Amino acid sequence: MSQINRNFEELLENNVVEFNGAMDLNSDVQGMVKDTFDVQVKLSLKMHITYQWWKSAEGKQAMEYAGIVMTTEDFRDIWGYKKAFFSEMINLGKVRQAQSNLISEYKDSTDNRSVRGCLKFVKNGGAESDEESESESASTTLMTFSAKAEALESEKGASLRLLSDGKIEGVNARSIEALEMLLAKAKEQLNS
């Protein structure tokens, strides 16, 4: 279960209208079995808007004024989710805010509702493919590589995943550059 610093909770309640009631919804989501997806959709919007405020200049200034120092990990921990699911909830909140009709379409298209399934549905342009979801669920990650933004001197990190079906996820110029940089350093270390 998540825990939140009371001062930080009050700061959010006073500065982010959408945060009000978010921790109660968070408790509901973590304890519910039935209708979890609908509650997660509501919570994801609150999480997304709260996260946007927390990252904003206004949020940073308010936290500084209140004497609260908090990393992204600390912020994620108040919700009680692991990094991947936290990111999925934030992304679902973005969808809820900008394209809520796609969430309704997703709910109409399947009885097996999940945050990840909805995000895949949205990513595919509102088309759900049973073949794709079966092969994706059967595929497992064999190898991962990730680089933090600081290591790349960039605003965003990079990652690659080799899947058991032979596919590689995350292929882009930044991830290739990061892997090449790591391999060059590894070769240098091996030869010294």
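Residues numbered from 1 in each chain as written. Predicted model: local features only at pLDDT ≥ 70, side-chain atom pairs only at ≥ 80, totals over all residues. Heavy atoms only, no water.

**Structural notes on the pairing of strand β2 (residues 158-163)**
For a regular strand, the rule is simple: side chains alternate between the two faces of the sheet. Pairing geometry for strand β1 (residues 141-147) and β2, over six bridges, is antiparallel. Bridge pairing in β2 links A147 to A158. Here two bridges tie β2 to strand β3 (residues 168-169), and the two strands are oriented antiparallel to one another. Across the sheet, residue L162 finds its bridge partner in β3, namely I168. Between β2 and β3, which follow one another and run antiparallel, lie four residues, and G166 among them has a positive phi close to 90°. (Pairing = 2+ DSSP bridges. Helix = DSSP H or I, 4+ residues; strand = E, 2+ residues; numbered from the N terminus.)

**Let's talk about the packing of aromatic side chains**
Following the criterion strictly, the structure yields 11 aromatic pairs and no others. Summarising the aromatic geometry, the rings of F8 and F75 are spaced 6.2 Å apart at their centres and angled 85° between planes, so their arrangement reads as edge-to-face. Here F8, found in helix α1 (residues 6-15), pairs with F75, found in helix α5 (residues 72-79); they are 67 residues apart in sequence, far enough to count as distant. In this structure, F8 and F75 share a single accessibility class: buried. Both rings, one in Y51 and one in F86, keep their centres 5.6 Å apart while their planes meet at 85°; by these two values the pair is edge-to-face. With a gap of 35 residues between them, Y51 in helix α3 (residues 36-55) and F86 in helix α6 (residues 83-98) connect regions that are remote in the sequence. The same class applies to Y51 and to F86, which are both buried. (Phe/Tyr/Trp six-rings, centres within 6.5 Å; stacked < 30°, edge-to-face > 60°. Buried < 20%, exposed > 50% of the residue type's maximum accessible area, 1.4 Å probe, protein only.)

**Structural notes on a positive patch on the surface**
Taken together, the side chains of K55, K60, K94 and K156 define a basic patch exposed on the protein surface. Assignment of secondary structure puts K94 in helix α6. (Patch = residues over 30% accessible without salt bridge, like charges linked within 9 Å, V, L, I, M, F, W, Y side chains within 5 Å. Areas by Shrake-Rupley, 256 points an atom, 1.4 Å probe, with all protein chains shown as cover. Salt bridge = Lys/Arg side-chain N within 4 Å of Asp/Glu carboxyl O. Lys, Arg positive; Asp, Glu negative; His and termini not counted. Charge placed at Lys NZ, Arg CZ, Asp CG, Glu CD.)

**Notes on helix α8 (residues 115-123)**
Those residues of α8 that sit buried are V115, G117, C118, L119, F121 and V122. Next to the buried residues of α8 lie α3, α6 and α7 (100-109). One or two residues past the end of α8 sits G125, with phi positive at roughly 75°. (Contact = heavy atoms within 4.5 Å.)

**Re the side chain of T50**
Locating T50 in the fold gives a position in helix α3. Judged by its relative accessible area of 0%, T50 is buried. If near-sequence neighbours (up to four positions away) are discounted, T50 is found in contact with L12, V16, F19, F75 and W79.

**Some remarks on a nonpolar patch on the surface**
Residues I168, V171 and I176 make up a contiguous nonpolar surface patch of about 260 Å² in total accessible area. Looking at the element boundaries, I168 is found in strand β3.

**Overview of the pattern of salt bridges**
Inspection of the entire model under this criterion finds four salt bridges. Put simply, K107 and D38 hold a salt bridge, and the shortest N to O gap is 2.8 Å. Linking K107 in helix α7 with D38 in helix α3, this pair joins segments that are 69 residues apart in sequence. The closest approach of N and O atoms between E88 and R116, which form a salt bridge, is 2.7 Å. On the criterion of sequence distance, the pair formed by E88 in helix α6 and R116 in helix α8 is long-range, its members being 28 residues apart. Its relative accessible area of 12% is what places E88 among the buried residues.

**Details of the environment of T36**
Position of T36 among the secondary structure elements: in helix α3. Judged by relative accessible area, which is 16%, T36 ranks as buried. T36 sits 77 residues away from R113 along the chain, and the two C-alpha atoms are 8.8 Å apart.

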